[in-house]
Protein chains: 2
Amino acid sequence: MADMTETMGPSTLREERSKTQFDVEAMKLVWAGSAAHKKVADKMKVLVANDPVFEKSSRPRLDRKSLYKNSLRKAAHAWKLIQDNHLTEEEASSLRHYIDEPSYNDLHWGMFIPAIKGQATEEQQKKWLPQAYKMSIIGCYAQTELGHGSNVQGLETQAVFDPSTDEFVLNSPTLTSTKWWPGGLGKASTHCVTYARLITDGKDYGIHAFIAPIRSLDDHSPLPGITVGDIGVKFGNGGYNTMDNGFLRFDHVRIPRDNMLMKLASVTREGKYVKSGQPKQIGYGAMVYVRTTIVVDASNMLSRAVTIATRYSAVRRQFGTEKGKPETQVIEYATQQSRLFPLIASTYAFRFVGEWMNSLYADVLARIEANDFSTLPEVHACTSGLKSITTSITADGIEECRKLCGGHGYACNSGLPELYAAYVPACTYEGDNTILLFQVARFLMKALSQVGSGKKPTGTAAYLGNIQKLATENCKITQGREWLSYDVIIEAFQARAARLAGACALKLSKAPNAEAAFEEFATDLAEAARAHCQLIIVEKFVEKMRSQIPGRGVAEILEVLCYVYALDLVRINAADFLSTGYLTSKQISLAKDQLRSCFKKIRPNAVALVDAFDHTDHYLSSILGRYDGDVYPNLYKDAQEEPLNDSVVTEGYAAYIRPVLKNQLRQSKL
Amino acid sequence: MADMTETMGPSTLREERSKTQFDVEAMKLVWAGSAAHKKVADKMKVLVANDPVFEKSSRPRLDRKSLYKNSLRKAAHAWKLIQDNHLTEEEASSLRHYIDEPSYNDLHWGMFIPAIKGQATEEQQKKWLPQAYKMSIIGCYAQTELGHGSNVQGLETQAVFDPSTDEFVLNSPTLTSTKWWPGGLGKASTHCVTYARLITDGKDYGIHAFIAPIRSLDDHSPLPGITVGDIGVKFGNGGYNTMDNGFLRFDHVRIPRDNMLMKLASVTREGKYVKSGQPKQIGYGAMVYVRTTIVVDASNMLSRAVTIATRYSAVRRQFGTEKGKPETQVIEYATQQSRLFPLIASTYAFRFVGEWMNSLYADVLARIEANDFSTLPEVHACTSGLKSITTSITADGIEECRKLCGGHGYACNSGLPELYAAYVPACTYEGDNTILLFQVARFLMKALSQVGSGKKPTGTAAYLGNIQKLATENCKITQGREWLSYDVIIEAFQARAARLAGACALKLSKAPNAEAAFEEFATDLAEAARAHCQLIIVEKFVEKMRSQIPGRGVAEILEVLCYVYALDLVRINAADFLSTGYLTSKQISLAKDQLRSCFKKIRPNAVALVDAFDHTDHYLSSILGRYDGDVYPNLYKDAQEEPLNDSVVTEGYAAYIRPVLKNQLRQSKL
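All residue numbers refer to position in the chain's written sequence, counted from 1. To read the labels, note that chains go from A and ligands from 1, taken in the order they are written. Under the rules for a predicted model, residues below a pLDDT of 70 receive no local features and side-chain atom pairs below 80 are neither given nor counted, while totals for whole chains, interfaces and linings still include all residues. Side-chain descriptors were evaluated using all non-hydrogen atoms of the structure, hydrogens and water having been removed beforehand.

Chain A carries the name Acyl-coenzyme A oxidase in an unreviewed UniProt entry, which gives Marchantia polymorpha as its organism. Taken directly from UniProt, the Cofactor (unreviewed entry) text for chain A runs: "FAD". Quoted verbatim from the Subcellular location (unreviewed entry) field of UniProt, the annotation for chain A is "Peroxisome". UniProt positions are given in the numbering used here, feature names are shortened, and annotations may be inferred rather than shown by experiment.

Now the structure itself:
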């Protein structure tokens, strides 16, 4: 079968790359954020890609036990590499990122240690952190319960102080109080930070954090009074099934009083509840940090999906205009472009807003240090909203990329099903996306009411101070090309956001019961919140564009992406712009025309724009997204690995197929 | 743990059901379509639910081989039941439906046999059908190739006639010509209907269908020259992985000339290609039938998802207004209602349009019989569009329902991940949904141009004959309550569809190159097509409402659903209505107010509306969607079945966890 190697993929991608109009290496640096980051990433991604232990393409074929055991192996191997190579904290974190497999490490490093850092006293930190840093304990974060998710105040687990022994007694009083979902809890962790109602002297002081040992450090068996296990299979092949999301019940488990994390409040030896006097806002830094990570991660995950979809859209051919010629690359089709290119633009947009959040984080830390909490409501709202928006768009975008790959996207070896299944929980954890939008909306309503009483909103909400003008002056453009102006774009997004928020505020002000009205107009409020967040992302993209961006053609193509991002949002949200009266349908139509022109500029650069993410084939784990474009021979090769092909005649033939064909079912034992 | 049995689910659902304002039994009949259908369905669903062989909740835990073998067992057992109980064709088909597991049966009964019926001569049918009906052969449908999906004309497989032996020689000349994806092909089928370029006397006559034996009827081994196997794991746990989607290569495989399906064209003994003179439109009946099935199936699958999400939204509680009281049922929240209730409405809407398609099918058959092909273009467009719209909304709707269940929706035991993964291919097979919309758009453009030259459009396109009025007279309503009128609704949808189509036609008419312009304005054309299809669904819902609907309160609540369906589309597509000038933003705002009022009417009936689908717990296979609402104890119970919980200390502990905790990695072999 000499022709088995002949496919057009590789030459097609080579040709695509030859058409590139910008310096891809310079763009790689823009994407990485800095030369230092890039250096770490480059080193770690290659380390992972070249190590056979980190092979991951077989994950969808493994049963749960093998999958989990293999993930434990990877975690151990990673820790060995980190120690042997004396990796820095940044390198270690990058290494884990490129291993790309959910494991107890995510919770140990990402939740357990930060919780101790944020909520333990210095003395407590000295006790726990060294053990955690050298992994002589493995910790997780046990907050949610079987019957209680987002509403932390509804948790039922109890920690009752017993002054006679100076201990807390942890107890799960009901079935619904069973801790449920925490990652790393099911099979791996020796300890957890758990949340429980603190009760002392008969009084319930609400939810507090405690460190609970759950497994023996000798033989890993659950400690007395602890019932713990894995909650079962989750969405998708591979995906999050490498993680042991667990359940946990406490049956009057005693822990020392000092296992309460006491930075904000403590219980004395006598059982008296005492607030530490520390401002509770000190927890905000951690929250901003986690959300920044989530937004940066969104750009990463979306970048993987668009890389796969873009490369395969270039390789794949379907229908054609001229007889005898090869079929047309699907990336040539307007519908494919109109679905794919805005996702490439969103990937860059999320990257830049994540970069900005990093600086916001530094600013928040400095202010908290200086006891300046004035910006925190605005920061809380903007990070809530950005987490919500970017994770939702990323999850939907991954699935859209899968569909853009046609039928082959449905096979696990496209990499997209697993990417989606592993990513989509980001819409739920660290704040459900719908609930987060309401927090943004509440902030907007409050900010507007303060504008009414003369207080100037700041930061991402500053534009609301200008609401009078924004609400009255409509867009003036009459020519399509006028859309290609950052000022025009930003003003449009500001006007839309301000008008939607203003309309909500008006409705609420007329309502007799504010809380009921908030519920009544929930959909409108969510829309206003979304508009606010999209404005932030657009603004940060523009800010990036107004900075110095080196490299031949780099700024030019990013400018096109910036317009694609904004104009596509105008298209999608045309109803907002029209109903608020800011744009006419003619102006919307002009925006669509410009969008189409931008697509034409993206087209020759599309493959290079995803090459700039610089993903290894290992990291993508996608035959459709291979760098070399050699898709079809490798799909064929991969099919030969399917376990069902181990035998030519299928295992169930004698028992279940032959009796059907030979009409011998009556005699068969099924 | 006495309290382990205490949860509020069951009493909550009992109370929900007590609030119902309509006759649920009468609604079940409306949903089933007829008493006769209902009788068959009731019998079959209970037969399946009570038979332990058809257990399916463990599917997500099985590895591929076990999953596949188990599905062969179910297929054999089903065939045994069909024979033993002398089930009618309708009963057998219903039985397979309730077994709810993709298998070779779907292709054998749904594609192989219909292809023979549609494309074979009567003599050929006499040869093949009896074998197929008694399953002494198992057939599949091998059309798509590794490099060729939707574009049938691009297929590369060859069937070269050899007059010296009176045979066709089937050959796969390239790697990309490998047949790829056909269900039932990988491991089960003995035969396939395959598509190949017919070449005789050196001339290529294009794509034709042939019956090819592929496996020995003696021992099931692949026949000489045949390379066949399974293509590998697909999206999701369980899901479509019970199906052996396969690959197939022909290496100069000889089949008798008579294995060409010769109803439309044949090759003579001498190798002469002859058209039969049969109109090629005779294939349309089968196409309408398949699409009708798909639309009805969409309503079924969406009904499962909304049943789960509705019941669990009633059971699940989160946050609360009063201290000490149980938390609020999430179904009380406006955002939950605004996402869930339109999906309940869509479920009914798709059911009724599917019902109407059944009558359309009968009409098409009668007309084809009478050589009247005049309605076929319109029928082709409308069934293309309805397939596209209903499958897209259903796939997205299932995933939305999963998100509406919060974190627990992500666990496989919610039933939703598998439902989504198994359903989503419907967006791709039998015509990619995007491509189908363009077929609708092409029809609309042609119909409009014919209106210009005086020809009256008919059927679902009849309104285009009225485009002058529709394009100029805007909506006149000034009060919210005026929206609750079928005439107002239909006129709005007609005006929107006509105006969008008209605007596209105008743009195309101005373009120098029609084909390039069609590509250029693809997004607008797709939008016009979507508007046309939504109009059809709204119209058919209204038609249903104007028929006699018996049962206390049944017509009343269906009326509310009809308005929810339509007004939610007005909300979602507000940009269309605004930009075409048909509605003002005030009128849109009034529509949203009415929508909210409708939600209030749905609320007390929500659980009963999904009970009316009458799904067994077996069919739903969802702990969150249990009829009795006893969710939490069963989630806890199900977790105990997870294979990882077989051992208290996890299998990888000694090898991979202990060395980490004890700092002994250097000595370990990983």
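**Student:** Please explain the confidence of the model for chain A as it appears in this structure.
**Tutor:** Close inspection of predicted coordinates is inappropriate for parts of the model with low pLDDT. Confidence along chain A averages 95 in pLDDT terms, with 99% of residues attaining 70 or more. In this model residues 1-5 of chain A is a low-confidence stretch, pLDDT under 50, and it forms nine contacts with partners more than four residues away in sequence or in other chains. Within a predicted model, pLDDT stands for the predictor's per-residue confidence, ranging from 0 to 100. Throughout, a contact is declared for two residues whenever any of their heavy atoms are within 4.5 Å.

**Student:** Even after reading the chapter, I still don't get the domain arrangement of chain A, so can you show me in this structure?
**Tutor:** Many structure descriptions define interface size as the accessible area lost when the parts assemble. All names here are of chain A. Note that the domain bounds reflect an automated or database-derived domain assignment. Here chain A is partitioned into domain 1 (113-278) and domain 2 (284-610). Contacts between domain 1 and domain 2 engage seven residues on the former and 10 residues on the latter. Roughly 640 Å² is buried in total at the junction of domain 1 and domain 2, and carbon and sulfur atoms are behind 68% of that figure. Two parts placed together each lose some accessible area under a 1.4 Å probe, and the buried area is that loss summed for both. Considering only the surface of domain 1 that becomes buried against domain 2, F235, N237 and Y240 emerge as the three largest contributors, covering 61% of it.

**Student:** So what exactly am I meant to see when it comes to helix α4 (residues 64-84) of chain B here?
**Tutor:** For an α-helix, the turn length of 3.6 residues means that residues three or four places apart are oriented alike. Residue and element names in this part refer to chain B. Between its terminal C-alpha atoms α4 stretches 30 Å, which fits the 30 Å expected from 21 residues at 1.5 Å a residue. Near the N-terminus of α4, the side chain that reaches the backbone nitrogen of K65, with its oxygen 3.1 Å away, is that of D63. Put simply, DSSP H or I for four residues or longer makes a helix, DSSP E for two residues or longer makes a strand, and each gets a number counted from the N terminus. In the segment just after α4, H86 is the residue with positive phi, at about 45°. Residue count minus one, scaled by 1.5 Å, sets the expected span of a helix. The term polar contact refers here to a pair of N or O atoms within 3.5 Å; inside protein, the definition further demands a hydrogen-donor-capable atom paired with an acceptor-capable atom, and it admits residues adjacent in sequence only when both atoms are side-chain atoms.

**Student:** Would you explain the environment of T616 of chain B in this entry?
**Tutor:** Residue and element names in this part refer to chain B. Examined against the element boundaries, T616 turns out to sit in the loop between α20 (606-611) and α21 (617-620). Partly exposed residues are those whose accessible area sits between 20% and 50% of the maximum for their type, while under 20% is buried and over 50% is exposed, using a 1.4 Å probe and protein chains only. For T616, a relative accessible area of 16% gives the class buried. Remark: the alpha-carbon pair of T616 and K45, spanning 571 residues in sequence, is separated by 7.1 Å. Contacts of T616, omitting those with residues within four sequence positions, involve K45 and A49. Within the structure, the side chain of T616 is placed 3.0 Å from the backbone nitrogen of Y619, a separation counted as a polar contact.

**Student:** Is there a simple way to explain the interface of chain A and chain B in this structure?
**Tutor:** Contact residues are listed per partner, giving 135 residues for chain A and 135 residues for chain B. For the pair chain A and chain B, the summed buried surface comes to about 11,600 Å²; carbon and sulfur atoms form 60% of the total. Interface area lost by chain A to chain B is led by L175, F235 and Y410 of chain A, which between them contribute 7%. By definition here, a salt bridge exists when the distance from a side-chain nitrogen of Lys or Arg to a carboxyl oxygen of Asp or Glu is within 4 Å. Our enumeration of links across chain A and chain B arrives at 16 salt bridges.

**Student:** How do you make sense of the pattern of salt bridges when you look at a structure like this?
**Tutor:** Where charged atoms of side chains with opposite charge meet at close range, the side chains can pair. Summed over the entire model, instances satisfying the criterion amount to 102 salt bridges over all chains. As a salt-bridge pair, K65 of chain B and D646 of chain A come within 2.8 Å of each other at their nearest N and O atoms. In this pair, K65 of chain B is assigned in helix α4 and D646 of chain A in the loop between α22 (631-639) and α23 (653-661), connecting two distinct chains. Among the residues examined, K65 of chain B registers a relative accessible area of 26% and is labelled partly exposed. By relative accessible area, which is 57% here, D646 of chain A ends up exposed. Taken together, the salt bridges that share partners define one network made up of K56, R59, K74, D100, E101, R304 and E418 of chain A.

**Student:** Hey, could you run me through the relation of the copies chain A and chain B in this one?
**Tutor:** Both copies of the chain are related through a single rotation about an axis accompanied by a shift along the same axis. The copies are overlaid by a least-squares fit using only the C-alpha atoms of residues whose pLDDT is at least 70 in both copies. Superposing chain A onto chain B takes a rotation of 180° combined with a translation of 0.0 Å along the rotation axis, leaving an RMSD of 0.0 Å. With respect to symmetry, the two chain copies, as superposed, fit the operation of a two-fold axis. Residue by residue, 100% of the interface of chain A is reproduced at the interface of chain B, so both copies engage with the same surface.

**Student:** When you look at the UniProt feature "domain: Acyl-coenzyme A oxidase N-terminal" (unreviewed entry) in chain A in this model, what are you seeing that I'm missing?
**Tutor:** Residues annotated in UniProt with the feature "domain: Acyl-coenzyme A oxidase N-terminal" (unreviewed entry) correspond here to residues 23-138 of chain A. Summarising residues 23-138 of chain A: 72% helix, 0% strand, and an end-to-end C-alpha distance of 45 Å.

**Student:** Is there a simple way to explain the packing of aromatic side chains in this structure?
**Tutor:** The relation between two aromatic rings is expressed through the spacing of the ring centres and the mutual angle of the planes. For Phe, Tyr and Trp, where Trp contributes only its six-membered ring, two rings pair if their centres lie within 6.5 Å, and the inter-plane angle classes them as stacked under 30 degrees, edge-to-face over 60, or tilted in between. According to the stated counting rule, one finds 51 aromatic pairs over all chains in the structure shown. Taking the centre distance of 6.1 Å and the plane angle of 85° together, the rings of F235 of chain B and Y420 of chain B count as edge-to-face. Of this pair, F235 of chain B sits in the loop between β7 (226-230) and β8 (246-250) while Y420 of chain B sits in helix α11 (residues 416-423), and the two are 185 residues apart along the sequence. Note on accessibility: F235 of chain B and Y420 of chain B belong to one class, buried. Site record: aromatic cluster; members linked through ring pairs are W181, F235, Y410 and Y420 of chain A together with W181, F235, Y410 and Y420 of chain B. Any Lys NZ or Arg CZ that is within 6 Å of a ring centre and within 35 degrees of that ring's normal is treated as a charge sitting over the ring. A cation over an aromatic ring shows up here: R442 of chain B above the ring of F518 of chain B, its NZ or CZ 3.9 Å from the ring centre.

**Student:** Can you walk me through the UniProt feature "binding site: FAD" (unreviewed entry) in chain A in this structure?
**Tutor:** Residues and elements named next belong to chain A. Here, the residues flagged by UniProt with the feature "binding site: FAD" (unreviewed entry) are T144 and G183. Of the residues just listed, which span 40 residues, no C-alpha pair is farther apart than 10.8 Å, and they cluster in one region. Looking at the element boundaries, T144 is found in the loop between β1 (139-142) and β2 (158-162). If near-sequence neighbours (up to four positions away) are discounted, T144 is found in contact with G149, L155, T178, K179, W180, W181 and P182. There is a polar contact of 2.8 Å between the side chain of T144 and the backbone oxygen of W180. Mapped onto the elements of the fold, G183 is located in the loop between β4 (179-180) and β5 (191-200). What G183 contacts, discounting residues up to four positions off in sequence, is L107, C140, M243, D244 and N245.

**Student:** Explain the environment of E515 of chain A to me, please; I cannot follow it from the model alone.
**Tutor:** Considering the arrangement of structural elements, one finds E515 of chain A in helix α15 (residues 514-520). Taking the C-alpha atoms as reference, E515 of chain A lies 33 Å from M111 of chain A; in sequence the two are 404 residues apart.

**Student:** How do you make sense of the sheet that holds strand β7 (residues 226-230) of chain A when you look at a structure like this?
**Tutor:** In any sheet, the strands associate via hydrogen bonds between backbone groups, in a parallel or an antiparallel arrangement. Residue and element names in this part refer to chain A. Only when DSSP finds a minimum of two bridges between them are two strands counted as paired. The sheet built from three strands is open, its strands ordered β4-β8-β7 with antiparallel pairing. The open sheet terminates on both sides in strands that have one partner only, identified here as β4 and β7. Two strands pair when backbone bridges link them, and β7 and strand β8 (residues 246-250) are joined in this way by five bridges, in the antiparallel orientation. Opposite D230, over in β8, you have G246 as the bridge partner.

**Student:** Just checking my understanding: could you explain the sheet that holds β7 of chain B for this structure?
**Tutor:** All names here are of chain B. As summarised here, the arrangement of the three strands in space is β4-β8-β7, forming an open sheet in which the pairing is antiparallel. Each edge of the open sheet is held by one strand with a lone partner, namely β4 (179-180) and β7. Taken together, the two bridges between β4 and β8 define a ladder with antiparallel strand orientation. Directly across from K179, in β8, lies its bridge partner L248.

**Student:** What am I meant to see in the environment of F443 of chain A here?
**Tutor:** With respect to the secondary-structure elements, F443 of chain A resides in helix α12 (residues 433-452). Distance in space between the C-alpha atoms of F443 of chain A and A461 of chain A is 9.5 Å, their sequence separation being 18 residues.

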